Amino acid sequence: MTGFFAGYRTFFRQFREQFETTGAIAPSSRFLAKSMTRFVAARDSASGPVRILEIGPGTGPVTDSIVRLLRPGDVFRSEEHTSELQSHLNLVCRLLLEK
């Protein structure tokens, strides 16, 4: 649970400090992430690779869902302009790759 709450702390600190550049009032939930990535999860084995661009990944719940669904040949790029959120996202991605 520490990582979960760390993401919320990071998001709300960033929102408080730079609300004008934060595109949300709350971090995305795992339920929203599942809904947003359903098309990637639903593709059949015959479908070719996909290219995904995530803009403003924030603390990474959608990123987490996307990374878990990637197949060989898929291309995923994530762009975050806020350095604190990018640092948090880098940690999330490192943890995902270690699994």
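Above: the structure in question.
Heads up: these notes are all about the structure in this document. The residue numbering used here restarts from 1 in each chain and proceeds along that chain's sequence as written. Two thresholds apply to this predicted model, a pLDDT of at least 70 for residue-level local features and 80 or more for giving and counting side-chain atom pairs, whereas whole-chain, interface and lining totals are computed over all residues. Here the side-chain values reflect all heavy atoms present in the structure, with hydrogen atoms and water set aside.

Here the focus is the pattern of salt bridges. A side chain of one charge can pair with a side chain of the opposite charge if their charged atoms are brought near each other. Note on definitions: salt bridges are taken to be side-chain nitrogens of Lys or Arg within 4 Å of carboxyl oxygens of Asp or Glu. The full count for this structure, using the stated rule, is two salt bridges. In this structure, Arg43 and Asp74 form a salt bridge, with 2.5 Å as the shortest nitrogen-oxygen distance. Of this pair, Arg43 sits in the loop between helix 3 (38-41) and strand 1 (51-55) while Asp74 sits in the loop between helix 4 (61-69) and strand 2 (75-79), placing them 31 residues apart in sequence. Since its relative accessible area comes to 12%, Arg43 is described here as buried. Relative accessibility thresholds used throughout: buried, under 20% of the residue-type maximum; exposed, over 50%; partly exposed, between the two (1.4 Å probe, protein chains only). The class for Asp74 is buried, based on a relative accessible area of 14%. A salt bridge links Arg68 to Asp64; the shortest N-O distance between them is 2.3 Å. Taken together, the positions of Arg68 and Asp64, both in helix 4 and four residues apart, correspond to about one turn of that helix. Strands are runs of DSSP state E lasting at least 2 residues, helices are runs of H or I lasting at least 4, and numbering of each runs from the N terminus.

Once that is clear, we can look at the pairing of strand 2. A pair of strands counts as paired when DSSP detects no fewer than two bridges linking them. Of the pairings in the sheet, the one linking strand 1 to strand 2 comprises five bridges and is parallel in character. Paired with Glu54 across the strands is Ser78, a residue of strand 2. By convention, a crossover is right-handed whenever its connection, traced from the first strand over the helix to the second and viewed with the strands pointing away, goes clockwise. Once the chain exits strand 1 it traverses helix 4 before rejoining the sheet at strand 2, and the crossover so formed is right-handed.

Without other data, these values stay purely geometric and don't point to any function.
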